[in-house]
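Residue-level listing of the chains:
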Amino acid sequence: MPKMVSQNLRARAQRGCRAAGPSPETTKPALALMLGLGLLACRPGQPTITPDEGQAGSEVTIELPARPAVDAEAMMASIEWLASDERQGRFTFDPQIEEVASWIAGRYEALGLEPVSGAAGLRVGYELRTKVEAGASQTLIVERRGEPVEVAAERFTPRAEGASGTAKGEVVFVGYGVSWTRPEGAQDSDPAIDSYDDLAGVDLDGKIVLALTHAPNTPDLAALFGAMQDLAETFERAAAPLREADARAKLQRLHRKAREDLLALVEPFAETKDLSDAYWKVEDPKARLDIMALASEFISRTKARPQFDLREFSMAKKAARLAEAGAAGVIFVQGPRSFVGREARDADALPGVLDEGRRGGHGRVIPESVAIPVVQLSWKQADKLFSIGGQRLSKLQAAIDADYQPRSQALGVSAELETELISERVEVPNVLAQLPGKTDEIIMLGAHFDHIGNDETGNCRAIVRRDERDAICNGADDNASGTAMLLDLARAYEDAGVTPERTIVFAHFSGEELGLLGSQALIGDSPFDQSRVVAMVNLDMVGRLGPSGLAIGGLGSSADWLPLLDELGNHGMKILYEGSTTTRSDHAWWFHRQIPVLFFFTGIHGDYHRAGDEIDEINVEGLAKVGQLVSDVVWELASGRAIAWTEPAHGDGIGRGLPGSDPSTVIMRVDEQGVRVDEDGNPIAAAP
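Residues numbered from 1 in each chain as written. Predicted model: local features only at pLDDT ≥ 70, side-chain atom pairs only at ≥ 80, totals over all residues. Heavy atoms only, no water.

Undergrad: Explain the state of the cysteines to me, please; I cannot follow it from the model alone.
TA: One pass over the structure, following the stated rule, counts 1 disulfide. The side chain of Cys460 participates in a disulfide bridge whose partner is Cys473; the two sulfur atoms lie 2.1 Å from each other. Since a negative S-S torsion denotes a left-handed disulfide, the Cys460-Cys473 link at about 75° is right-handed. Of this pair, Cys460 sits in the loop between strand 15 (442-448) and strand 16 (463-465) while Cys473 is found in the loop between strand 17 (468-470) and helix 13 (476-496), placing the two residues 13 residues apart along the sequence. Classification of Cys473 as buried rests on a relative accessible area of 0%. (Disulfide = S-S within 2.5 Å. Helix = DSSP H or I, 4+ residues; strand = E, 2+ residues; numbered from the N terminus. Buried < 20%, exposed > 50% of the residue type's maximum accessible area, 1.4 Å probe, protein only.)

Shown next, in the form of structure tokens:
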């Protein structure tokens, strides 16, 4: 009798494979088994069924051709090159980015891979607006009580979101200039509102718009992150000598103070009462401060609020929306409640032409401007100049934050703007290669290769590591790991010597750390038809597999993902299967085009965007496990497995959170043995 075939193998066999059919040596019993399993054609990675030696009717053996295997040592060698000090942190605007792009392209040339269709070579450049300076002519005049009041130059600044030009008109206040609608099926928000829209019913045609930056109850997020980094670094400086002295009681108090300082930092923006015991508990006083894990306590407490789209409340997006609504000019104000910390709020410093309140940094990318003048005014000056329904702007911001009710209205005064701006642009590289398939359909594999550079020309902040100053953020995990894995997948698939059913595109993006700019450029001006892409798999920070395991996001983008991943197994890893899709990495652009996406991610750690993200922290064994699972997923997709877009259920769409940050969108978790577990790692009993 033929040998029994597992249900898992049978399911794979029923999908068929690409070869022409059984070889002439195939015996009738084996042929019957093949037909019974539905093997209409043979394809790489599917079972090859041959008879055991002996008479007809004897058992048959089932051989599974080896899937392309990743090479952990090769991946580590790539990480070591990419994350060496010589690369200076791979900042998009530093010379090293071209060196890295050439090195990546050279790897593909050595493999014999081709440029993508429509591209002249493996390097595919795109332009960024990188420098904007204020010219000599800047004016802001506001009419008060029938008299023109010219604002002093130090109280306002022209903004790069706007264009050189003049505008004059009636001033209309539009709150934050944002909108939100409660998703269908979502729980009631707190406060219980179904929608919020600052522009609803407001006539902006020919008007000068007065608008707050950011969104209700939302701080300057970059400034908040920087302040959190300051807390972590202050803690580490104080903790280092105490660890050496084994001063556990003092370390315990230091942990307590750091938690209190974080609490004070976020208190204006989050509910801070009745914090969980886990927030205050210190398992090991000698442990590092995990500032991101502590912050998650507060993030979870904002879920009931209206969740404004992070991409939509940038000043660039707001300016575009206001210009589209007919505004002649815009005056932005960062209200006092949007500042992080009392000192910054009282200083009320203007960010300048380029900076939107982000701390420090070099080589900023400036979004394309709208065709109207835009300025930013200090909030203290705005309080003096404008009366909004009898109230100052600072008081009105607090009222909007309290009840989420728009206060948009005409102010009965006029304003005049004049701005002059001078811009410059540079070209930066993406690298794209393809392994041609038998059809025009494409499986897109992506990883960004840029990072945040050094403390002089990039956005890195120097730290003291192992008693030495380290001023280069080498980004071994973020994202030399994903870059190295992508390169090794290309090597493995080329070595396999097969022609896939679908074309595989290997896409390496720069500009990710500056706002997903390389992937955005590819989507917006692609050398090939993006409608050919049937799935996008993104690798970002896959090198630090730890106690929390691997997270796979984006499962809500296709109902076909979970059956595939379940079939392939967990490769001996803890895995969190996430339904939602985060906005914070390159796959987001393909999700917006209703293309199924997967996001592989081993999690945030204390060295995220710090100089401590070094080669010696990479988990080599974990890198191999993650890489092989990704390879197996790609093998199935490239072989023609059906993968269709599914309209995400509530919560499984796109959002700001990383995988696992919202328990309601986690589909399931498994432990190393593949047993389904709860959030605490306890086995979940199977349904009867």
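Undergrad: I tried to follow the pairing of strand 13 (residues 409-419) on my own but got confused; where do I start?
TA: Along any regular strand the residues' side chains alternate between the sheet's two faces. Where strand 4 (residues 139-144) lies against strand 13, 4 bridges are found, and the strand directions are antiparallel. Residue Val142 lies in a different strand from strand 13, and its bridge partner there is Ala415. Sheet topology places strand 7 (residues 165-173) next to strand 13; 8 bridges connect them, and they run antiparallel. Looking at strand 13, one finds that Val172 is bridged to Ala410. (Pairing = 2+ DSSP bridges.)

Undergrad: Explanation requested: the side chain of Thr602 in the structure shown.
TA: The residue Thr602 is located in the loop between strand 23 (597-601) and helix 17 (620-638) in this model. Judged by relative accessible area, Thr602 falls into the buried class, the value being 7%. Of the polar contacts made by the side chain of Thr602, one reaches the backbone nitrogen of Arg544; its length is 3.2 Å. Contacts of Thr602, omitting those with residues within four sequence positions, involve Asp477, Met541, Val542, Gly543, Arg544, Leu545, Gly549, Leu550 and Val626. (Polar contact = N/O pair within 3.5 Å; in protein donor to acceptor, adjacent residues only side chain to side chain. Contact = heavy atoms within 4.5 Å.)

Undergrad: Before we go on, may I ask you to explain the nonpolar core in this structure?
TA: In summary, soluble globular proteins display a tendency toward joint burial of nonpolar side chains. Among the nonpolar cores identified, the biggest contains 64 residues, and Tyr108, Phe506, Leu539, Ile552, Phe600 and Val633 are the most heavily contacted of them. Here the element with the most residues in this core is helix 13; it accounts for 10 residues. Beyond its immediate chain neighbours, meaning those up to four positions away, Leu539 contacts Gly446, Ala447, Asn479, Gly482, Met485, Leu486, Leu489, Phe600 and Val630. If you look at the next biggest cluster of nonpolar residues, it comprises 36 residues, including Leu140, Tyr176, Val333 and Leu385. (Core = buried A, V, L, I, M, F, W, Y, C linked by side-chain atoms within 4.5 Å.)

Undergrad: What's the story with the sheet that holds strand 12 (residues 374-377) in this structure? I'm lost.
TA: The strands that make up a sheet are held in pairs by hydrogen bonds between backbone atoms, and each pair lies either parallel or antiparallel. Taken together, the 8 strands give an open sheet; going across it, the order is 5-4-13-7-10-11-12-6, and neighbouring strands pair in mixed fashion. Either end of the sheet is taken by a strand with one partner, and the two such strands are strand 5 (147-150) and strand 6 (156-158). Here the average twist between neighbouring strands, direction ignored, is 30°. With 3 bridges connecting them, strand 6 and strand 12 associate as antiparallel partners. Among the inter-strand pairings, Thr157 is bridged to a residue of strand 12, identified as Gln376. The sheet contacts of helix 9 (residues 315-324) involve strand 10 (208-212), strand 11 (329-333) and strand 12, and relative to strand 11 the element is tilted by about 145°. (Axes fitted to C-alpha atoms, helices over the stretch in contact; angles between N-to-C directions.)

Undergrad: Teacher, can you tell me more about the packing of helix 13 against helix 17 here?
TA: When two helices pack together, their arrangement is given by the angle between the helix axes and the distance between those axes. Their axes nearest at 10 Å, the elements helix 13 and helix 17 cross at an angle of 50°. The orientation of helix 13 with respect to helix 17, classified from their angle, is oblique. You can see that helix 13 and helix 17 cross each other, and the crossing is right-handed. Residues Ser481, Met485, Leu489 and Tyr493 of helix 13 touch helix 17, and the partners they reach there are Leu623, Val626, Gly627, Val630, Ser631, Val634 and Trp635. Its residues placed into classes, the contact of helix 13 with helix 17 shows 8 nonpolar, 3 polar and no charged. (Parallel < 35°, antiparallel > 145°, perpendicular 65-115°, else oblique. Left-handed = near helix turned anticlockwise from the far one by under 90°. Nonpolar A, V, L, I, M, F, W, Y, C, P; charged D, E, K, R; others polar.)

Undergrad: Help me out: how do you make sense of the pairing of strand 12 in this one?
TA: Burial along strand 12 is two-sided: the face carrying Val374 and Gln376 and the face carrying Val375 and Leu377 are both buried. Where strand 11 lies against strand 12, 4 bridges are found, and the strand directions are parallel. Among the inter-strand pairings, Val333 is bridged to a residue of strand 12, identified as Leu377.

Undergrad: I tried to follow helix 8 (residues 291-299) on my own but got confused; where do I start?
TA: Turn by turn, an α-helix covers 3.6 residues, leaving residues three or four places apart pointing in a common direction. Among the residues of helix 8, those classed as buried are Ile291, Leu294, Ala295, Glu297 and Phe298. The buried residues of helix 8 occupy an angular sector of 135° when the element is viewed end-on, so they sit on one face. Considering only its buried residues, helix 8 is in contact with helix 5 (221-244), helix 6 (248-266) and helix 7 (277-280). (Arc of directions from axis to C-beta.)

Undergrad: Help me out: how do you make sense of unusual backbone geometry in this one?
TA: Across the chain, the bulk of peptide bonds are trans and the bulk of non-glycine residues have phi less than zero. A cis amide bond, omega -5°, links Asp478 with the succeeding residue Asn479. In this structure, Asn479 sits in helix 13. Residue Arg145 is not a glycine yet carries a positive backbone phi of 55°. Tracing the backbone through its elements, the reader meets Arg145 in the loop between strand 4 and strand 5. For Arg145, a relative accessible area of 74% puts it in the exposed group. Look at Asp274: it is not a glycine, yet its phi comes out positive at around 55°. When you line up the elements, Asp274 lands in the loop between helix 6 and helix 7.

Undergrad: Looking at this structure, how should I read the sheet that holds strand 23?
TA: With mixed pairing, 10 strands are arranged side by side in an open sheet as 3-14-18-15-19-23-20-21-25-26. Two strands in the sheet have a free side with no partner beyond their single neighbour: strand 3 (123-134) and strand 26 (676-677). Seen against the sheet, helix 14 (residues 517-524) touches strand 3, strand 14 (421-435), strand 15 and strand 18 (503-509) and runs at an angle of roughly 115° to strand 3.

Undergrad: Would you mind going over the packing of helix 3 (residues 72-82) against helix 13 with me for this structure?
TA: Close contact between helix 3 and helix 13 brings their axes to 8 Å; oriented N to C, the two are set at 135°. Between helix 3 and helix 13, the interaxial angle falls into the category oblique. In the packing of helix 3 onto helix 13, the handedness of the crossing is right-handed. Within the contact between the two elements, helix 3 uses Ala74, Met75, Ser78, Ile79 and Leu82 and helix 13 uses Ala476, Ala480, Ser481, Thr483, Ala484, Met485, Leu487 and Asp488. Looking at the contact of helix 3 with helix 13, its residues break down into 9 nonpolar, 3 polar and 1 charged.

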